[in-house]
Amino acid sequence: VSPWESPERPTDRSLALTPPTGVPGKVIFDGDFRRGLGAWRNRIHPERITVVDDPILGSRRKAAEFTVNDGDIGPTPNPRAQLEGPSNLVAGGEYWVGWSTLFPKDFPVLPSGGWFTLQSVYGSPSNDSGPLGTRVAGNELRFERNATYDYDLPWSIPLPRGRWIDFAYHFKLSRNAREGFVELF
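What counts as what
Residues numbered from 1 in each chain as written. Predicted model: local features only at pLDDT ≥ 70, side-chain atom pairs only at ≥ 80, totals over all residues. Heavy atoms only, no water. Helix = DSSP H or I, 4+ residues; strand = E, 2+ residues; numbered from the N terminus. Buried < 20%, exposed > 50% of the residue type's maximum accessible area, 1.4 Å probe, protein only. Contact = heavy atoms within 4.5 Å. Areas by Shrake-Rupley, 256 points an atom, 1.4 Å probe, with all protein chains shown as cover. Phe/Tyr/Trp six-rings, centres within 6.5 Å; stacked < 30°, edge-to-face > 60°. Lys NZ or Arg CZ within 6 Å of the ring centre and 35° of its normal. Polar contact = N/O pair within 3.5 Å; in protein donor to acceptor, adjacent residues only side chain to side chain. Pairing = 2+ DSSP bridges. Axes fitted to C-alpha atoms, helices over the stretch in contact; angles between N-to-C directions. Core = buried A, V, L, I, M, F, W, Y, C linked by side-chain atoms within 4.5 Å.

**Quick notes on the overall build of the protein chain**
Each helix and strand in the protein chain was counted, giving zero helices and 11 strands. Secondary structure of the protein chain in N-to-C order comes out as β-β-β-β-β-β-β-β-β-β-β. Taken over 185 residues, the protein chain has a buried fraction of 30%. Taking contacts inside the protein chain between residues at least 6 apart in sequence as the whole, the part at least 24 apart equals 50%. Counting every atom, the protein chain has about 11,800 Å² of accessible surface; 52% of that belongs to carbon and sulfur.

**Digging into the packing of aromatic side chains**
The full count for this structure, using the stated rule, is 10 aromatic pairs. On the basis of an interplanar angle of 15 degrees and a centroid distance of 5.9 Å, the ring pair of Phe33 and Trp40 is categorised as stacked. With a relative accessible area of 19%, Phe33 lands in the buried category. In this structure Trp40 comes out as buried when scored by relative accessible area, which is 17%. Between Phe103 and Phe107 the ring centres are 5.1 Å apart and the planes differ by 65 degrees, which places this aromatic pair in the edge-to-face class. Taking the relative accessible area as the measure of exposure, Phe103 reaches 3% and is therefore buried. Here the aromatic cluster, defined as three or more aromatic residues joined through ring pairs, consists of Trp99, Phe143, Phe167 and Tyr169. Over the ring of Trp164 we find Arg61, and its NZ or CZ is 4.3 Å from the ring centre.

**As for the environment of Glu94**
Here Glu94 shows up in strand S5 (residues 94–102). Setting aside residues no more than four positions away along its own chain, Glu94 makes contact with His170, Phe171, Lys172 and Phe181. Engagement of the side chain of Glu94 in a polar contact is seen with the side chain of His170, the distance being 2.6 Å.

**Considering the sheet that holds strand S9 (residues 155–158)**
Strand order across the open sheet formed by four strands is S6-S7-S8-S9, with antiparallel pairing between neighbours. What marks the edges here is a single partner per strand, and that holds for strand S6 (115–120) and S9. Going from strand to strand, the sheet's axes swing by 25 degrees on average, the running direction of each strand aside. Bridge analysis of S6 against strand S7 (residues 132–137) gives five bridges, and the strand direction is antiparallel. In the sheet register, Thr117 faces S7, and the bridge partner there is Arg135.

**Topic: the environment of Leu132**
Tracing the backbone shows Leu132 in strand S7. Residues Leu132 and Phe171, spaced 39 residues apart in sequence, show a C-alpha to C-alpha distance of 10.0 Å. Beyond its immediate stretch of four places on either side in the chain, Leu132 contacts Gln119, Ser120, Val121, Phe143, Glu144, Arg145, Tyr169 and Val182.

**Description of the nonpolar core**
Generally speaking, soluble globular proteins have nonpolar side chains that are buried together. Ranked by internal contacts, the top residues of the largest apolar core, which has 19 residues, are Phe103, Leu141, Trp155, Phe167 and Tyr169. Every element with two or more residues in this core is listed here: S5, S7, strand S8 (140–145), S9 and strand S10 (164–172). For this core, the element with the most residues is S10, which contributes four residues. Among the nonpolar cores identified, the runner-up in size contains six residues, and Trp40, Ile49, Ala81 and Leu83 belong to it.

**A short note on the sheet that holds strand S11 (residues 181–184)**
Ordered by their spatial adjacency, three strands build an open sheet running S5-S10-S11, and the pairing between neighbours is antiparallel. Of all strands in the sheet, those with a lone pairing partner are S5 and S11, marking the two edges. Recorded for the sheet is a direction-independent mean angle of 15 degrees between the axes of neighbouring strands. Sheet topology note: the S5/S10 ladder contains nine bridges and is antiparallel. If you follow Tyr95 over to S10, its bridge partner there is Phe171.

Following this line, the structure appears as structure tokens:
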């Protein structure tokens, strides 16, 4: 079973992730690495981020390779290399966000208490750490939420190595629990 499937979900990979019929959509950010890193408004330690040919597909697709050393301190004391998209998410907005990640076969197990974030949503209506994020902790890939949700862990799997993992988030940002939601595929 792949990371985006669960026993409750259909496993037919021909099912496309599309917005509901009749709902118009538009691309508000495209961070395709074929154009380099220029689309990413903020880059922390860009010298640690290299655009490379896809390790599996070759030159047909570009990928960003991150290499972070313990001394690569950013705006916090945590080592990091980071790309940030534009600040274009608004309270009440409904969004689809997707990306792919590959961990090399020799990617290490993180030490106890160690973690890093692959993706996080920051901004209104939250005033602190993002309400949701995709992280690696120990030997797990996780979807976690912030203090608003008691740092719950709605989803995790053993960290897959040596293959691409595709993610799609569908979410609506709202302080009203009856309106806001998040779905992970």
